[in-house]
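Here are the chains, one letter per residue:
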Amino acid sequence: MSDHKPSIRTPLSRVRYLGAARSGTKHFWHQRLTSVALIPLTIGAVFVVIGLLGRNHAAVVQILGSSPVAIGMLLFVLVSIYHMWLGMQVIIEDYVHDELPKYAALMSNTFFSCAVGLTAVFAVLKLSFGL
Amino acid sequence: MAEAKTSTAKDRPLSPHLQIYRPTLTMMMSIVHRITGAALYFGTLLLVWWLTAAAAGPNAYANVQWVMGTVIGRLVLFGYTWALIHHMLGGIRHLIWDTGHGLGPVEREWLTVATLIGSIGLTVILWFVGYLTMGGIR
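Since this is a predicted model, take the numbers as computed values, not measurements. (Residues numbered from 1 in each chain as written. Chains lettered and ligands numbered in written order. Predicted model: local features only at pLDDT ≥ 70, side-chain atom pairs only at ≥ 80, totals over all residues.)

Asker: Account for the overall build of chain B, naming residues and giving values.
Answerer: In terms of helices and strands, chain B carries five helices and zero strands. Secondary structure elements of chain B occur, N-terminal to C-terminal, as α-α-α-α-α. Burial status across chain B gives 20% buried among its 138 residues. The long-range share in chain B, meaning contacts at least 24 apart out of those at least 6 apart in sequence, stands at 67%. (Helix = DSSP H or I, 4+ residues; strand = E, 2+ residues; numbered from the N terminus. Buried ≥ 20, exposed ≤ 12 C-beta atoms within 10 Å, placed from the backbone. Contact = placed C-beta atoms within 7 Å.)

Asker: Summarise the overall build of chain A; cite the residues concerned and give the values.
Answerer: Across its full length, chain A carries five helices and zero strands. Each helix and strand of chain A, ordered N terminal to C terminal, gives the series α-α-α-α-α. The buried share of chain A, taken over its 131 residues, is 18%. In chain A, once contacts between residues fewer than 6 apart in sequence are set aside, the share between residues at least 24 apart is 71%.

Asker: So what about the nonpolar core? Which residues, and what values?
Answerer: Core analysis: the biggest nonpolar cluster contains 31 residues, and Leu 64, Met 73, Ala 120 and Leu 127 of chain A together with Leu 51 and Ala 54 of chain B have the highest contact counts within it. Those elements that place two or more of their residues in this core are helix 3 (57-65), helix 4 (67-95) and helix 5 (99-129) of chain A together with helix 2 (25-56) and helix 4 (71-98) of chain B. By residue number, the principal contributor to this core is helix 2 of chain B, which donates nine residues. What Leu 51 of chain B contacts, discounting residues up to four positions off in sequence, is Ala 120, Ala 123 and Val 124 of chain A. (Core = buried A, V, L, I, M, F, W, Y, C linked by C-beta atoms within 7 Å.)

Asker: Quick rundown of the interface of chain B and chain A? Include the residues and the values.
Answerer: Listed by partner, the interface residues are 27 residues for chain B and 25 residues for chain A. Going through the elements one at a time, helix 2, helix 3 (58-69), helix 4 and helix 5 (105-133) of chain B are the ones with two or more residues in the side of chain B that touches chain A. A per-class count over the side of chain B that touches chain A returns 18 nonpolar, seven polar and two charged. (Nonpolar A, V, L, I, M, F, W, Y, C, P; charged D, E, K, R; others polar.)

Asker: Any details on helix 4 of chain B? Residues and values, ideally.
Answerer: An ideal rise of 1.5 Å per residue puts 40 Å on 28 residues; helix 4 of chain B measures up with 40 Å between its terminal C-alpha atoms. All of the buried residues in helix 4 of chain B are Thr 81, Ala 83, Leu 84, Ile 85, His 86, His 87, Met 88, Leu 89, Gly 90, Gly 91 and Arg 93 of chain B. Contacts made by the buried residues of helix 4 of chain B are with helix 2 (26-52) of chain A together with helix 2 and helix 5 of chain B. Two residues or fewer past helix 4 of chain B, Gly 100 of chain B is found with a positive phi of approximately 95 degrees. (Expected span 1.5 Å × (residues − 1).)

Asker: Please provide a residue-by-residue account of the packing of helix 4 of chain B against helix 5 of chain B, values included.
Answerer: Residue and element names in this part refer to chain B. At a minimum axis separation of 9 Å, helix 4 and helix 5 run at an interaxial angle of 145 degrees. Seen along the crossing, helix 4 lies across helix 5 with a hand that is right-handed. In this structure, helix 4 contributes Phe 78, Thr 81, Trp 82, Ile 85, His 86, Leu 89, Gly 90, Arg 93 and Ile 96 to the contact, and helix 5 contributes Leu 111, Thr 115, Gly 118, Ser 119, Leu 122, Thr 123, Leu 126 and Trp 127. When its residues are assigned to classes, the contact of helix 4 with helix 5 shows nine nonpolar, seven polar and one charged. (Axes fitted to C-alpha atoms, helices over the stretch in contact; angles between N-to-C directions. Left-handed = near helix turned anticlockwise from the far one by under 90°.)

Asker: Describe the environment of Val 116 of chain A, listing the residues and the values that go with them.
Answerer: Looking at the element boundaries, Val 116 of chain A is found in helix 5. For Val 116 of chain A, a count of 21 C-beta atoms within 10 Å gives the class buried. As for Val 116 of chain A and Ile 81 of chain A, which are separated by 35 residues in sequence, their C-alpha atoms are 7.9 Å apart. Setting aside residues no more than four positions away along its own chain, Val 116 of chain A makes contact with Ile 81 of chain A together with Thr 44, Leu 45 and Val 48 of chain B.

Asker: How would you summarise the packing of helix 2 of chain A against helix 4 of chain A if you had to cite specific residues and measurements?
Answerer: Residue and element names in this part refer to chain A. For the pair helix 2 and helix 4, the least separation of the axes is 8 Å and the interaxial angle reads 140 degrees. Looking at the two axes, helix 2 sits oblique to helix 4. Taken as a pair, helix 2 and helix 4 cross one another with a handedness that is left-handed. In this structure, helix 2 contributes His 27, His 30, Gln 31, Thr 34, Ser 35, Ala 37, Leu 38, Leu 41, Thr 42, Gly 44, Ala 45 and Val 48 to the contact, and helix 4 contributes Val 69, Gly 72, Met 73, Leu 75, Phe 76, Val 79, Ser 80, Tyr 82, His 83, Leu 86 and Gly 87. For the contact of helix 2 with helix 4, the class distribution of residues is 12 nonpolar, 11 polar and no charged. (Parallel < 35°, antiparallel > 145°, perpendicular 65-115°, else oblique.)

Asker: Could you give an account of the confidence of the model for chain A, naming the residues involved and the relevant values?
Answerer: Averaged over every residue, the pLDDT of chain A is 90; residues scoring 70 or more account for 88%. When pLDDT is averaged over each element of chain A, helix 5 of chain A comes out on top at 97 and helix 1 (residues 11-15) of chain A at the bottom at 72. (pLDDT = per-residue confidence, 0-100.)

Asker: Go over the confidence of the model for chain B with me, naming the residues and quoting the values.
Answerer: In this model, chain B carries a mean pLDDT of 89, and residues with pLDDT of at least 70 account for 87%. Reported for the predicted complex are a pTM of 0.84 and an ipTM of 0.84.

Structure representation (structure tokens):
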């Protein structure tokens, strides 16, 4: 392509498609990867929630805290949070163009996602370990 | 780049935005996919609230159950259910398109209509099943 022009990039770095952002197609790929994973995880989570409707607190704690449900719920929460973090980043980059608001929004996206994700994981673990 | 600022260049419509196009179903569904995604982003707060309440104890869990049981609570949950199902079916549609299939003029419209009908139908079915497990409408 532009091999005749002088460049400090090595041929290896060029074929790895890792350009200036140092990440290449990772963002796009992880969005798809998490979306595929979320199809069975979402279906499972919906059935768990329906199964818990109308039950009292003790029964809910027992079912949510059981190993298979807790592990499934942890996977659902973690993959969802990563998926929505990636998605919101795209929305922000599409609509917020000024540097300061853009970086403030991108940082808020990360803070929100980490806080929500960690809180959910903590709650599931607490239910499971019965503390 | 000085010649770009002449009067002839100024009148030319540059970079037409959404309002210049006739709305199509695939376009509207693309926008809805993004809107449901953003709604689900904040909807995770409901999931986290429910999980932390269950972990906190019977009183906190009873509060969540009461709020979710009100008319507004149920409407929000119904919207959350639809957004989740719609975003999932829309995501499957996009995964099919990612493989290069279903992009023809007939298939893409068919897939888009199927997503919309499927999401509304599945949401109603899920709520019907939900009310059945709770022992009828209360």
